[in-house]
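# Tertiary structure, described
As a plain string of letters, each chain reads:
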Amino acid sequence: MSTVLLCPGQGAQQVGMARDLAERFPAAREVLGAIDEALALPLSRLMFEGPEEELTRTQNAQPAILAHTCAVLAVAGPRLAPVAALGHSLGEYSAWVGAGALGAVDAARLVRRRGELMAEAGARRAGAMAAVLMLATEAVVAACRQASVEGEVAVAANLNGPDQVVISGDPGAVARAGELCRAAGARRVVPLRVSGAFHSPLMAPAQAGLRDALAAAAFAVPRFPVIANATAAPVTDPAEAARLLAEQLVAPVRWVESVRRAAADHPGASFVEAGPGAVLTGLLKKIVPDARGLTLGTADEVERFLQS
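Below, the structure is looked at part by part. Please read all numbers here as calculations on a predicted model, not as lab measurements. (Residues numbered from 1 in each chain as written. Predicted model: local features only at pLDDT ≥ 70, side-chain atom pairs only at ≥ 80, totals over all residues. Heavy atoms only, no water.)

### Let's talk about helix 5 (residues 58–80)
Alanine 74 marks where helix 5 bends most, by close to 55 degrees; the proline proline 78 follows one to four residues later. The buried fraction of helix 5 amounts to 19 of the 23 residues, a majority that puts the element mostly inside the structure. Of the residues one or two after helix 5, alanine 81 is the one with positive phi, at around 50 degrees. (Bend = angle between axes of the 7 residues up to and from the residue. Helix = DSSP H or I, 4+ residues; strand = E, 2+ residues; numbered from the N terminus. Buried < 20%, exposed > 50% of the residue type's maximum accessible area, 1.4 Å probe, protein only.)

### Some thoughts on the packing of helix 10 (residues 207–216) against helix 11 (residues 238–247)
Packed helices, taken two at a time, are described by the angle between their axes plus the distance between the axes. Put simply, helix 10 and helix 11 touch, their axes get as near as 9 Å, and they point 155 degrees apart. With respect to each other, helix 10 and helix 11 are oriented roughly antiparallel. Crossing hand, helix 10 versus helix 11: right-handed. Where helix 10 approaches helix 11, its residues Gln207, Leu210, Arg211 and Leu214 are matched on the opposing element by Ala242, Leu245, Ala246 and Glu247. Of the residues in the contact of helix 10 with helix 11, the class split is 5 nonpolar, 1 polar and 2 charged. (Axes fitted to C-alpha atoms, helices over the stretch in contact; angles between N-to-C directions. Parallel < 35°, antiparallel > 145°, perpendicular 65-115°, else oblique. Left-handed = near helix turned anticlockwise from the far one by under 90°. Contact = heavy atoms within 4.5 Å. Nonpolar A, V, L, I, M, F, W, Y, C, P; charged D, E, K, R; others polar.)

### Considerations on the nonpolar core
Judged by nonpolar contacts, the single largest core of 76 residues is most densely connected at Leu21, Leu32, Met47, Trp96, Leu214 and Phe219. With 11 residues, the top contributor of residues to this core is helix 5. (Core = buried A, V, L, I, M, F, W, Y, C linked by side-chain atoms within 4.5 Å.)

### Some details on the packing of aromatic side chains
Summed over the entire model, instances satisfying the criterion amount to 1 aromatic pair. Relative to phenylalanine 219, the ring of tryptophan 96 has its centre 6.4 Å away and its plane inclined at 80 degrees; by these criteria the two rings are edge-to-face. Within this pair, whereas tryptophan 96 is found in helix 6 (residues 91–98), its partner phenylalanine 219 is found in the loop between helix 10 and strand 7 (226–227), the two being separated by 123 residues in sequence. Tryptophan 96 gets classed as buried once you look at its relative accessible area, which sits at 1%. Take phenylalanine 219: its relative accessible area is 17%, and that puts it in the buried class. One Lys or Arg, arginine 79, reaches over the ring of phenylalanine 305 and ends 5.9 Å from the middle of that ring. (Phe/Tyr/Trp six-rings, centres within 6.5 Å; stacked < 30°, edge-to-face > 60°. Lys NZ or Arg CZ within 6 Å of the ring centre and 35° of its normal.)

### Looking at the sheet that holds strand 6 (residues 188–192)
Think of a sheet as strands paired side by side through backbone hydrogen bonds, with each pair either parallel or antiparallel. What the 4 strands build is an open sheet, ordered 4-5-3-6; its pairing is antiparallel. Edge positions in the sheet fall to strand 4 (154–161) and strand 6, since each of these pairs with one other strand and no more. Each strand axis lies, on average, 25 degrees off the axis of its neighbour in the sheet, ignoring direction. In the sheet, strand 4 pairs with strand 5 (residues 164–169) via 6 bridges, with the strands oriented antiparallel. Directly across from glycine 161, in strand 5, lies its bridge partner glutamine 164. (Pairing = 2+ DSSP bridges.)

In structure tokens:
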């Protein structure tokens, strides 16, 4: 059975994450311990016990979600045999781990630094994000364009589903864009609790530092392609991977296009979401309704998969 690996992004963190994996599988416990040591941070304890407010901080949430995915891959990876991978925002780093191009420890260091840089950019220029539900992407893009005035910008940042788009930018512009989306027929506009305007031009100050971190990382040629957020195209070249991961900070997450590309390139493949939650599997059903999806996040799910 061929599989496409899906790796979740920020927002999937929750207190207690990966604790059952560490308790049941030595391989999961080992990779979590290695990441703790590399970061000189008791990240796994924060994942297991919280507090939630500390876990949710960008510089903690990002490595925590990646660590959870790496724990799943350490146990179930040899049985998955993926033909492609894609990850949502920070999940793209997890996808490169799954493809064998990055080690778990190197990836954890990268996303920890990425989270720090993004938090610093958010502190320098306050931003906002909001999820727009049940409105076509084209209408959301038009609303953002109309709302971007007086030096403030709003953009469509996460193209998550045919009728789910996250907007990002300056608080005033995001608020105006949200009102325009409601007037255009959006069912709901939900403000998100974030530390910055991710995947918008407001993240540009974080790019230089991230490029330096990516240049210092040891990228190898992957065993299979990773579909990049910024282009929705498969990538196998390590230099291009690093370039697109830096570009990703200010570019929209083209999730709908990426999932459709994976389904078109690998007809009949099952999609496996490795890591906390089931958000990407839910989106999969809206994007490619006949696709088969499986979640591997809990110890029970992993054990059932191994026994099947």
